[in-house]
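Read off the chains here:
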There are 2 protein chains.
Amino acid sequence: GIRMTSFESIMDFAEFKLNSDGLIPVIVQDYKTNEVLMMAYMNEDAFEHTIKTGKMTYYSRSRQERWIKGETSGHFQYVKMLTVDCDKDTLLAKVEQIGAACHTGNRTCFFQSIAGNDFDAKNPLQVFESVYKTI
Amino acid sequence: GIRMTSFESIMDFAEFKLNSDGLIPVIVQDYKTNEVLMMAYMNEDAFEHTIKTGKMTYYSRSRQERWIKGETSGHFQYVKMLTVDCDKDTLLAKVEQIGAACHTGNRTCFFQSIAGNDFDAKNPLQVFESVYKTI
């Protein structure tokens, strides 16, 4: 069905500190698993559209236009929560991701490990030992 | 004690696509909880230093110099895994965070919600209903 959940932002876009391209980077995270899915950028139009429609909307740097994520693929990202960082130059979005976030068909755009490994990061024994050392 | 875990990267810094400032953004995530802690930027020197020492090292845009995270505060970030995204313009680091990631003393730099809320994002019933709708 058609979903449309409007939000209100307690902060104006004008309060954000923009990067050299006049945009603010947005980290996108699965609201259930906390998996980081992708990073994209917003201008004021994209931010207002996101807040108004509850669907993550970016500024496409390659196409130089508004990019409603999922508009062509159906892989919408529904806003659960938006957070700004301490120096107001980065946003974090917790979303409900429909389908894959990545255009390659991977659930996340971060599917290529370049150093270290998932075993070290997820190995229960190592996690336990790390917690044990702390307590 | 002194910890020093060297890594090797299967990808050269030259293969990354840099932003308008000649840097690559790095999303930093707790390797145990997947909480997003902060975002910072690397130049080649910072990337090589991170790989060589296993301690997250950035390029400080404000001080315009190498920034070994935790060097003054003790709040080091030990590398568990580095991942690059599909278009090679963003890095994701899973780290073991010592102390607080944020200079404000908060564990994460993303402590200010601007829209939506944590209840929606974490409410077990809503998460369950969302999973139920999918299956």
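Values in this document were obtained by computation on a predicted structure and should not be read as measured data. Numbers given to residues run from 1 along each chain, matching the order in which its sequence is written. Written order determines the labels here, with chains lettered from A and ligands numbered from 1. For this predicted model, a pLDDT threshold of at least 70 governs which residues receive local features, and a threshold of 80 or more governs which side-chain atom pairs are given and counted, while totals over whole chains, interfaces and linings are taken from all residues. As a rule here, side-chain values cover all heavy atoms of the structure and leave hydrogens and water aside.

Looking at chain A, pLDDT values average 92 and 91% of them are 70 or higher. As scored by the predictor, the complex reaches a pTM of 0.90 and an ipTM of 0.89. Per-residue confidence from the predictor is reported as pLDDT, a score between 0 and 100.

Least-squares fitting of one copy onto the other uses the C-alpha atoms of those residues that reach a pLDDT of at least 70 in both copies. For the pair chain A and chain B, the relating rotation is 180°, the translation along its axis is 0.0 Å, and the fit reaches an RMSD of 0.0 Å. The relationship between the two copies is best expressed as a two-fold rotation axis. Of every C-alpha in chain A, the one belonging to A:Asn34 sits nearest the axis of rotation, 2.8 Å from it. The share of interface residues of chain A whose copies in chain B are also at the interface is 100%, consistent with both copies meeting through the same surface. Contacts are assigned to residue pairs that have any heavy atoms within 4.5 Å of one another.

What follows concerns the interface of chain A and chain B. The interface of chain A with chain B comprises 55 residues on the first partner and 55 residues on the second. Two parts lose some accessible area (1.4 Å probe) when they are put together, and adding that loss for both gives the buried area. Counting the surface lost from both chain A and chain B, the interface buries some 4,500 Å², and carbon and sulfur atoms represent 62% of this. Per-residue buried area on chain A facing chain B is highest for A:Cys86, A:Phe110 and A:Ile114; these three make up 16% of the total on that side. A side-chain nitrogen of Lys or Arg and a carboxyl oxygen of Asp or Glu constitute a salt bridge if their distance falls within 4 Å. Counting every contact that joins chain A to chain B gives two salt bridges. Ionic pairing is found between A:Arg61 and B:Asp89, a salt bridge with its closest N-O pair at 2.9 Å. Whenever two N or O atoms come within 3.5 Å, that pair is a polar contact, provided that in protein one can donate a hydrogen and the other can accept it, and provided that, for residues adjacent in sequence, both atoms are side-chain atoms. Run the count over chain A and chain B and you get 16 residue pairs in polar contact (both at pLDDT 80 or more). In this classification, the charged set is Asp, Glu, Lys and Arg, the nonpolar set is Ala, Val, Leu, Ile, Met, Phe, Trp, Tyr, Cys and Pro, and all remaining amino acids, among them Gly, are polar. When grouped by side-chain class, the residues that make up the side of chain A that touches chain B number 27 nonpolar, 15 polar and 13 charged. Strands were regarded as paired on the criterion that DSSP finds at least two bridges between them. The helix count covers DSSP runs of H or I at least four residues long, the strand count covers runs of E at least two residues long, and both are numbered beginning at the N terminus. Pairing between strand E5 (residues 77-84) of chain A and strand E7 (residues 112-116) of chain B: four bridges, direction antiparallel. Looking at the pairing, A:Thr83 lines up with B:Ser113 of E7(B).

Our next topic: the pattern of salt bridges. Residue and element names in this part refer to chain A. Under the counting rule described, the total for this entry stands at twelve salt bridges over all chains. Here glutamate 35 makes a salt bridge to arginine 107, at a shortest N to O gap of 3.7 Å. Residue glutamate 35 is found in the loop between strand E1 (24-30) and strand E2 (36-42), and its partner arginine 107 is found in the loop between strand E6 (91-97) and strand E7 (112-116); the two are separated by 72 residues along the sequence. We call a residue buried when its accessible area falls under 20% of the maximum for its residue type, exposed when it is over 50%, and partly exposed in between, using a 1.4 Å probe and counting protein chains only. Here arginine 107 falls in the partly exposed class, since its relative accessible area comes to 33%. Measuring nitrogen to oxygen at the nearest pair gives 3.2 Å for the salt bridge that ties glutamate 65 to arginine 63. For glutamate 65, a relative accessible area of 40% puts it in the partly exposed group.

A contiguous patch of negative charge on the surface is contributed by A:Asp12, A:Glu15, A:Glu44 and A:Glu48. By the secondary structure assignment, A:Glu15 is in the segment before E1. Exposure above 30% relative accessible area and the absence of a salt bridge qualify a residue for a patch, where like charges join within 9 Å and nonpolar side chains (Val, Leu, Ile, Met, Phe, Trp, Tyr) within 5 Å. Only the protein chains shown count as cover for residues, with accessible areas throughout obtained via the Shrake-Rupley method and a probe of 1.4 Å. His is not counted, nor are the chain ends; Lys and Arg add positive charge and Asp and Glu add negative charge. The atom standing in for a charge is NZ when the residue is Lys, CZ when it is Arg, CG when it is Asp and CD when it is Glu.

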